[in-house]
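Commentary on secondary and tertiary structure
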Amino acid sequence: MRRAALTLALILGLVGSPAAQKPLDVGRGLRQALERERTGDHAAAIRIYRGLLIAYPKRDDLTQRLADTLVSAGKYEEALNILDGQIAHSPDDTKALIRRVDVLISLGRRREAK
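Residues numbered from 1 in each chain as written. Predicted model: local features only at pLDDT ≥ 70, side-chain atom pairs only at ≥ 80, totals over all residues. Heavy atoms only, no water.

Turning to the pattern of salt bridges, a few remarks are in order. Summed over all chains, the structure comprises 10 salt bridges. The partner of Arg 65 in a salt bridge is Asp 68, with the nearest N and O atoms 3.9 Å apart. Within this pair, Arg 65 and its partner Asp 68 are both found in helix H5 (residues 60-72), separated by 3 residues, close to a single helical turn. With a relative accessible area of 21%, Asp 68 lands in the partly exposed category. Measuring nitrogen to oxygen at the nearest pair gives 2.6 Å for the salt bridge that ties Arg 99 to Asp 68. Here Asp 68 lies in helix H5 and Arg 99 lies in helix H7 (residues 94-106), a separation of 31 residues in the sequence. Three or more residues are tied together by salt bridges with common partners; here these are Glu 37, Arg 65, Asp 68, Arg 99 and Asp 102. (Salt bridge = Lys/Arg side-chain N within 4 Å of Asp/Glu carboxyl O. Helix = DSSP H or I, 4+ residues; strand = E, 2+ residues; numbered from the N terminus. Buried < 20%, exposed > 50% of the residue type's maximum accessible area, 1.4 Å probe, protein only.)

Written out as structure tokens, the structure is:
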């Protein structure tokens, strides 16, 4: 289990980052990420959401926030990957399904957005 978390942290680029050093309190982390979004610092918000997801992997709301922030940062493919992972985990997650359609349309991939 620990090895899987470390692998995930390496993939997300969080080893050595503040998010990897100690898990954030989810409420405080959300407030920090939302503040970064509000000020347009999407990169910082994305890092915070990724750190929160490592600490709280079952929080679907964090996955949605991360995907939304990636879209705001123009990182549509990354958002699509996050949403695809969420849908694989929870195939009936209507929010993720709807958001995936929105991202596909934004990418001009309407045929896949069925």
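Moving on from the model shown.
What follows covers H5. Between its first and last C-alpha atoms H5 spans 18 Å; for 13 residues at 1.5 Å apiece the expected length is 18 Å, and the two agree. Turning to H5, its buried residues number three or more, namely Leu 62, Thr 63, Gln 64, Leu 66, Ala 67, Thr 69, Leu 70 and Val 71. On its buried face, H5 is in contact with helix H3 (26-38), helix H4 (42-55), helix H6 (76-89) and H7. Count one or two residues on from H5 and you reach Gly 74, which has phi positive near 80°. (Expected span 1.5 Å × (residues − 1). Contact = heavy atoms within 4.5 Å.)

Orientation of H6 relative to H7, taken along the N-to-C sense of each, is 155°, at an axis distance of 9 Å. The pairing of H6 with H7 is recorded here as roughly antiparallel in orientation. Where H6 crosses over H7, the two elements pack in a sense that is left-handed. Here Tyr 76, Ala 79, Leu 80, Leu 83, Asp 84, Gln 86 and Ile 87 of H6 lie close against H7, whose contacting residues are Ala 96, Leu 97, Arg 99, Arg 100, Val 103, Leu 104 and Ser 106. Taken together, the residues that form the contact of H6 with H7 break down as 9 nonpolar, 2 polar and 3 charged. (Axes fitted to C-alpha atoms, helices over the stretch in contact; angles between N-to-C directions. Parallel < 35°, antiparallel > 145°, perpendicular 65-115°, else oblique. Left-handed = near helix turned anticlockwise from the far one by under 90°. Nonpolar A, V, L, I, M, F, W, Y, C, P; charged D, E, K, R; others polar.)

No statement about biological role is implied by the geometric values presented.
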